[in-house]
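Residue-level listing of the chains:
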Amino acid sequence: MTDRKATLSVGDKSIELPVYSGTVGPDVIDVRGLVKQGIFTYDPGFVSTAACESAITYIDGENGVLLHRGYPIEQLAEHSDYLEVCYLLLKGELPTDAENTLFHDTIKNHTMLHDQMRNFFQGFRRDAHPMAIMCGVVGALSAFYHDQMDVTNEHQRDITAHRLIAKMPTIAAWCYKYSIGQPFIYPRNNLSYSENFLQMMFGVPCEEFKPNPILAKAMDKIFILHADHEQNASTSTVRLAGSTGANPYACIASGIAALWGPAHGGANEAVLDMLAEIGDESNIDKFIAKAKDKDDPFRLMGFGHRVYKNFDPRAKVMAETAHEVLSELGLEDDPLLKIAQRLEQIALEDEYFVERKLYPNVDFYSGLILKAIGIPTSMFTVVFAMSRTIGWFAHWNEMVSGDYRIGRPRQLYTGSPARDYPKE
Ligand code: SDX
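As annotated in an unreviewed UniProt entry, the chain carries the name Citrate synthase and comes from Marinobacter antarcticus. Quoted straight from UniProt, the Catalytic activity (unreviewed entry) entry for the chain says "oxaloacetate + acetyl-CoA + H2O = citrate + CoA + H(+)".

Written out as structure tokens, the structure is:
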């Protein structure tokens, strides 16, 4: 532990609190002892609160650094694939060739859903938002695996990880197929993870689907870039749900619900909606003025980040991938891309954005890639959720396999003092 102390003086009290250092990053002050002194800390939005200890991912927002188990995201995007990154996030080390082959094969053998799960989709209206369907179907997975949800059993946690990683693409693609009234397409085990997702999304029973390798590689990069991101809102939701002992499927469903918000994972869908609303480069200045206007709730979707006060390293890789995909599909002159490039240029030069360090984030370019591939905007956050499932699970697994307590934040109460019920 530590012999370093911080001293807090409150009124006539002087309170000594332990200070801990991590491998890298800011030191933390252990404030757990404050409750005995009758004092709480106050940090709505957890802007400067470390809610846990973790060894999975590290972000240096000032320098635009993102490490997964120590490996820079740029190197993983360049040299790895999504399933190898899943193994790394889960186990803490890159797999040997034999471990990697076994992991890939294991995932392939869990891609199908219990056939009764088809009925869950039928209960939704055809125009239901795919995130609503995904939330419901993933939570319902727990109804099919009662006998393997002992959170204290490492083997059962492993099999649950395999099932979730393997089944999310099938569930996601079926959400899409259901919404367009096309038959569900089953996974094909002779395809890679990303190729399989694309064939379940765009394949039809009447002809063989031939995946485009450039688009499959772009999908795999999108999966890698969205895999994990420290204690973001949805991951913190999964940890809090898991701290009650809830089963992993229910916890992942809670993460999907939190990710849906436009300030978080819903931003990629919101970026495309915003670009479409801007419509033409001649309208950009009007929207920039709205984004700066304190009285206008409009924000520039895809810009800004709670932690990154520099370029989001994922956005850089995403921008390169966007150009690869758009040129492969002959869409370099896509009007939305032109608007996006102009917005980025303004945000990098305009005092309002520069002063607040509002750089493009991971969502700014991902939507352009997904749209070019043919994925509808309503499915963008579903793709994000598919990818982030491994991050959510890795954090849940890290917590339940160690010492943990039920999460129970306190509050600053500003309501009415005690008063009696008025007697007639
Ligand atoms: C993700 O946490 C994660 O890691 C999330 C994520 C992940 O991988 O899990 O990275 C994924 O959620 C990326 C973010 C996607 N969201 C968006 O693109 C939505 C647009 N961005 C904003 O909503 C906002 O930037 C947040 C929510 C991302 C961050 O909000 P903060 O940290 O609470 O920032 P803030 O509201 O304190 O803003 C600081 C200032 C404010 O102005 P002032 O009061 O100082 O004058 O910047 C302004 C804000 O008004 N501001 C923006 C803006 N974002 C912040 N102004 C215009 N447009 C924006 N996008």
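## Quick notes on the site of the ligand
Near the ligand, the surroundings consist of 24 residues, among which His-229, His-305, Arg-306, Arg-314 and Arg-388 are the closest. A distance of 2.8 Å separates an oxygen atom of the ligand from a polar atom in the side chain of Arg-388. Burial of the ligand by the protein chains amounts to 78% of its free accessible area of 1100 Å². When grouped by side-chain class, the residues that make up the shell around the ligand number 10 nonpolar, seven polar and seven charged.

## Section: helix α8 (residues 213–225)
For α8, with 13 residues, the first-to-last C-alpha span of 18 Å sits near the 18 Å given by 1.5 Å per residue. All of the buried residues in α8 are Leu-215, Ala-216, Ala-218, Met-219, Asp-220, Lys-221, Ile-222, Phe-223, Ile-224 and Leu-225. Those residues of α8 that are buried lie in contact with α1 (73–79), α2 (82–91), α7 (193–202), α13 (313–328), α16 (362–373) and α17 (380–400).

## Some thoughts on the sheet that holds strand β4 (residues 57–60)
Spatial ordering of the open sheet is given by β4-β5-β6, a layout of three strands whose pairing is antiparallel. The sheet is open, and its two edges are formed by β4 and β6 (71–72), each paired on a single side. Looking at chain direction, β4 and strand β5 (residues 65–68) are connected through four bridges and run antiparallel. Residue pairing for β5: Asp-60 is matched across the bridge by Val-65.

## A short note on the packing of helix α10 (residues 248–259) against α17
The geometry of α10 relative to α17 is characterised by a closest axis approach of 9 Å and an angle of 135° between their N-to-C directions. Classified by the angle their axes make, α10 and α17 are oblique. You can see that α10 and α17 cross each other, and the crossing is right-handed. Packed against α10, whose contacting residues are Pro-248, Cys-251, Ile-252, Gly-255, Ile-256 and Leu-259, the element α17 presents Thr-381, Phe-384, Ala-385, Thr-389, Trp-392, Phe-393 and Trp-396 at the interface. The residue inventory of the contact of α10 with α17, partitioned by class, reads 10 nonpolar, three polar and no charged.

## Describing the UniProt feature "active site" (unreviewed entry) in the chain
In this structure's numbering, the residues bearing the UniProt feature "active site" (unreviewed entry) are His-305 and Asp-363. Over a stretch of 59 residues, the named residues converge on one spot in the fold, their C-alpha atoms separated by at most 10.5 Å. The topology assignment puts His-305 in the loop between α12 (284–292) and α13. Filtering out sequence-adjacent residues up to four positions away, His-305 remains in contact with His-229, Arg-314 and Asn-361. Reaching out from His-305, the side chain makes a polar contact with the backbone nitrogen of Tyr-308 at a distance of 3.2 Å. The residue Asp-363 is located in helix α16 in this model.

## Points about the domain arrangement of the chain
For an interface, size is often stated in terms of accessible area lost upon the parts coming together. When its domains are assigned, the chain resolves into domain 1 (5–66), domain 2 (81–204 + 233–259 + 380–401) and domain 3 (266–373). Taking only C-alpha atoms, the centre of domain 1 and the centre of domain 3 are 33 Å apart. Here domain 1 is connected to domain 3 by one salt bridge. The partner of Glu-62 in a salt bridge is Lys-357, with the nearest N and O atoms 3.7 Å apart. Scanning the region where domain 1 abuts domain 3 turns up four residue pairs in polar contact (both at pLDDT 80 or more). Residues belonging to the side of domain 1 that touches domain 3 are distributed by class as follows: four nonpolar, four polar and one charged.

Rules used in this analysis
Residues numbered from 1 in each chain as written. Predicted model: local features only at pLDDT ≥ 70, side-chain atom pairs only at ≥ 80, totals over all residues. Heavy atoms only, no water. UniProt positions renumbered as here; feature names shortened; annotations may be inferred. Near = heavy atom within 4 Å. Polar contact = N/O pair within 3.5 Å; in protein donor to acceptor, adjacent residues only side chain to side chain. Areas by Shrake-Rupley, 256 points an atom, 1.4 Å probe, with all protein chains shown as cover. Nonpolar A, V, L, I, M, F, W, Y, C, P; charged D, E, K, R; others polar. Helix = DSSP H or I, 4+ residues; strand = E, 2+ residues; numbered from the N terminus. Expected span 1.5 Å × (residues − 1). Buried < 20%, exposed > 50% of the residue type's maximum accessible area, 1.4 Å probe, protein only. Contact = heavy atoms within 4.5 Å. Pairing = 2+ DSSP bridges. Axes fitted to C-alpha atoms, helices over the stretch in contact; angles between N-to-C directions. Parallel < 35°, antiparallel > 145°, perpendicular 65-115°, else oblique. Left-handed = near helix turned anticlockwise from the far one by under 90°. Domains from an automatic or database assignment. Salt bridge = Lys/Arg side-chain N within 4 Å of Asp/Glu carboxyl O.

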